[in-house]
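Okay, here's what each chain looks like letter by letter:
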Amino acid sequence: MASDEPFSEKLRVPEALTFDDVLLRPKESRVEPDDADMATRVSTNVTLNIPVLSAAMDTVTEAELAIEMAREGGLGVLHRNMTVEETAEHVETVKRADELIIRDVVTASPEQTVREVDRMMGKEGVSGAPVVDDDDVVLGIISGTDIRPYLEVGDRDEVREAMTDEVITAGEDVTAREALELMYEHKIERVPIVDEEERLTGLVTMQGILARREYDNAARASDGSLVVGVAVGPFETDRALAADAAGADIVFIDCAHAHNLDVIDSAREIKAEVDADVVVGNVGTREAAEAIVDFADGVKVGIGPGSICTTRIVSGSGMPQITAVAEVADVATQHDVPVIADGGIRYSGDAIKAIAAGADAVMLGSYFAGTDEAPGRVITMNGKRYKQYRGMGSVGAMKSGGGDRYLKDDPEDEEYVPEGVEAATPYKGSLESELHQLVGGMQSGMGYVGAETIPEFKERSEFVRVSSAGQTESHAHDVVITDEAPNYSPDN
Ligand code: XMP
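Below: a short report on this structure. Quick caveat: nothing in here was measured; it's all calculated off a predicted structure.

1. Comments concerning the overall build of the protein chain
Moving on, step 1. A count of helical and extended segments in the protein chain gives 17 helices and 19 strands.
Moving on, step 2. Its C-alpha atoms give the protein chain principal-axis dimensions of about 110 × 55 × 50 Å.
Moving on, step 3. Burial analysis of the protein chain (492 residues in total) assigns 51% to the buried set.
Moving on, step 4. Excluding contacts between residues fewer than 6 apart, the proportion of contacts in the protein chain whose partners are at least 24 apart in sequence is 65%.
Moving on, step 5. Summed over all atoms, the accessible surface of the protein chain reaches about 24300 Å², with 46% contributed by carbon and sulfur.
Moving on, step 6. If you average the places of the 44 positive and of the 95 negative side-chain charges in the protein chain, the two averages end up 4 Å apart.

Listed below in structure tokens is the structure:
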């Protein structure tokens, strides 16, 4: 007698779904995509203006890309295939970018000659400098216009004769608006910042304020600095402390299997020692989320969905990403802990599906690895331009130090068992235009569902299951594509 019963209990298995298995059910809407508000909480204390993070991979996120991510409203997570000192330097570089008060101020001394100062300003690329005495007390300010030849100032004259000695200064607590008002009122372009003894502590420039204004959607910490995240190995307390001291906003415990009890113990200890938020990952199940949500400021989800990952093939273990995100979010939402969906996102549609499944934000690697801001140079193969992109569990990346992500970090063992590949990804140009396509597509998804904010979208969105015929119908079909679209390639 035929039966649908499996031969063994072991074969009574639940189904797990990923991006291509589902679509968002379109709903009644009055939401224009451009009006969809993309702000989201990515960890207990950090809010972003777009729900997007760049992956902590050595071919994706260093300071340059992290700065651009934060300027556009998202978060870059610095990789950890570098020394602890370098990690601190990268964090400081991000934190210094777009600072209202510049700290590395080029100064002049009153005894220098006009010629010396002119040369120095040219070399340093500045057009003016505060003049300070040996105790850093501000005596005046000298700028290009003070030393133009027609002003009867000779090359050999001392700076004290050429400088403007009525200096307008401000204190440490000056805001951008107050500094601008001072600049307009006194027709000046820079305001030295001084302490109670009139000693120089920094400088605010008109150019700096205008540059900050360009990034009106930037993700900033309460002190106005750009936000930045740092990946640390599961047992790397030293890196976590250094990143924290340098001002990192979030420390990411970076492990391929964070439901390892030693990893969780160590993450808990790191959390107790740093001021930064601590996000723990990666996980892919409800049980793993339950083990983490009582202490973590965020949970990151993804066991094997990444484009360069071979974890599922090598280890036979993993969770299709939509199911993984939904399971983790069921638990994390009850504890008000944000969820980040990490890996496998090829299109903007995948990103917004991850949010519908319960994520508060998404992390991408391959999507950004081909941009100008990612590390590495552009290479040409068969007339097409590419950039290198490699898994952090690939042989190359593990040789550079990241093996403990895969809980394999025996320095004696030269025969790696990799869980990732080394590859190339098409060169894509600026990060800004990639983000524009990604976020614009996600906003479209919110328009189709009729949700104006990310929390509303998570609440309101529903999935339908797609057959393989439906999947074929979703892609461009029965045509030959003649012009490349900026947000779609059938090869992804
Ligand atoms: P995408 O699909 O955006 O994925 O390129 C990026 C994410 O993949 C993870 N990652 C790896 N997973 N082996 C893995 O199994 C690897 O070598 C590897 N390297 C990165 C990581 O979570 C990243 O954010």
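Structure's up, so let's keep going.
2. Focus: the sheet that holds strand β12 (residues 277-283)
Paired through backbone hydrogen bonds, the strands of a sheet run either parallel or antiparallel to each other.
Moving on, step 1. On the basis of which strands lie adjacent, the closed barrel formed by eight strands has the order β4-β5-β10-β11-β12-β13-β14-β15 and parallel pairing. Here the strands of the sheet are splayed against their neighbours by 25 degrees on average, with no regard to which way each runs.
Moving on, step 2. As paired strands, strand β5 (residues 75-78) and strand β10 (residues 229-232) are joined by two bridges and run parallel to one another. Residue pairing in the sheet places Leu78 in a bridge with Val230 of β10.

3. Observations concerning a nonpolar patch on the surface
Moving on, step 1. Judged by side-chain polarity, Ile313, Val314 and Val417 come together as a nonpolar surface patch covering roughly 300 Å² of accessible area.
Moving on, step 2. Positionally, Val417 belongs in the loop between α14 (395-402) and β18 (422-426).

4. Comments concerning the sheet that holds β18
Moving on, step 1. The antiparallel open sheet is built from three strands, whose spatial order is β16-β17-β18. This sheet does not close on itself; its edge strands, each paired only once, are β16 (378-381) and β18. Adjacent strand axes in the sheet meet at a mean angle of 50 degrees when their direction is disregarded.
Moving on, step 2. As paired strands, β16 and strand β17 (residues 384-390) are joined by four bridges and run antiparallel to one another. Across the sheet, the residue bridging to Thr380 is Arg385, located in β17.

5. Brief notes about the site of the ligand
Moving on, step 1. Every one of the 24 residues lining the ligand counts as a neighbour, but Cys309, Thr311, Asp342, Tyr389 and Glu419 are closest to it.
Moving on, step 2. In this structure, an oxygen atom belonging to the ligand sits 2.7 Å away from a main-chain N or O atom of Gly365.
Moving on, step 3. Summarising the interface, the protein chains cover 96% of the accessible area of the ligand, which totals 520 Å² for the free molecule.

6. Quick notes on the side chain of Arg212
Moving on, step 1. Relative to the assigned elements, Arg212 resides in helix α6 (residues 206-214).
Moving on, step 2. The side chain of Arg212 is buried and forms no salt bridge, while Asp98, the nearest opposite charge, is found at 6.6 Å.
Moving on, step 3. Setting aside residues up to four positions removed in sequence, Arg212 forms contacts with Asp98, Glu99, Leu100, Arg220 and Gly224.

7. Some thoughts on α6
Moving on, step 1. Of the positions making up α6, those classed as buried are Met206, Ile209 and Arg212. The arc that holds the buried residues of α6, viewed along the axis, is 125 degrees, so those residues lie on one side. Exposed and facing more than 90 degrees away from the buried side of α6 are Gln207 and Glu214.

8. Let's talk about helix α11 (residues 321-334)
Moving on, step 1. In this model, α11 (14 residues) spans 20 Å end to end at C-alpha, consistent with the 20 Å of a helix rising 1.5 Å per residue.
Moving on, step 2. Where burial is concerned, most of α11 is hidden: ten out of the 14 residues are buried.
Moving on, step 3. Along α11, the residues classified as buried are Gln321, Ile322, Thr323, Ala324, Val325, Glu327, Val328, Ala329, Val331 and Ala332.
Moving on, step 4. Looking at the residues trailing α11, positive phi occurs at Asp336, about 60 degrees.

9. Notes on the side chain of Ser225
Moving on, step 1. Looking at the element boundaries, Ser225 is found in the loop between α6 and β10.
Moving on, step 2. One polar contact links Ser225 to Asp223, side chain to side chain, over a distance of 2.6 Å.
Moving on, step 3. Not counting chain neighbours up to four residues away, the residues in contact with Ser225 comprise Lys95, Ala219 and Arg220.

What counts and how
- Each chain has its residues counted from 1, following the order in which its sequence is written.
- Totals for whole chains, interfaces and linings use every residue, but because this is a predicted model, local features are given only for residues with pLDDT of at least 70 and side-chain atom pairs only at 80 or more, for both listing and counting.
- Remark: hydrogens and water are excluded; side-chain values derive from all non-hydrogen atoms of the structure.
- Strands here are runs of E lasting at least two residues and helices are runs of H or I lasting at least four, both read from the DSSP assignment and numbered beginning at the N terminus.
- When a residue's accessible area, from a 1.4 Å probe over protein chains only, is under 20% of the maximum for its type it is buried; when over 50% it is exposed; and in between it is partly exposed.
- The contact definition used throughout considers only heavy atoms, calling two residues in contact when any of these lie within 4.5 Å.
- What sets the accessible areas is the Shrake-Rupley method with a 1.4 Å probe; for residues, cover comes only from the shown protein chains.
- When charges are counted, Lys and Arg contribute as positive and Asp and Glu as negative, whereas His and the chain ends are disregarded.
- For the purpose of locating charges, the reference atoms are NZ of Lys, CZ of Arg, CG of Asp and CD of Glu.
- Strands are treated as partners if at least two bridges between them are detected by DSSP.
- To obtain an axis, a line is fitted to C-alpha atoms, over the contacting stretch when the element is a helix, and the angle between two such axes runs from 0 to 180 degrees between their N-to-C directions.
- Patches were defined on residues exceeding 30% relative accessible area and lacking a salt bridge, with like-charge contacts within 9 Å and nonpolar side-chain contacts (Val, Leu, Ile, Met, Phe, Trp, Tyr) within 5 Å.
- A carboxyl oxygen of Asp or Glu within 4 Å of a side-chain nitrogen of Lys or Arg is what we treat as a salt bridge.
- Each residue is tested against the molecule or strand, and it is near if at least one of its non-hydrogen atoms lies within 4 Å.
- Each polar contact in these results corresponds to two N or O atoms within 3.5 Å; when the atoms are within protein, one needs to be able to donate a hydrogen and the other to accept it, and residues that are neighboring in sequence are counted only if both atoms are side-chain atoms.
- Think of it as the arc spanned by the lines of direction from the helix axis to the C-beta atoms.
- Expected span of a helix, by definition, is 1.5 Å for each gap between consecutive residues, and there is one gap fewer than residues.

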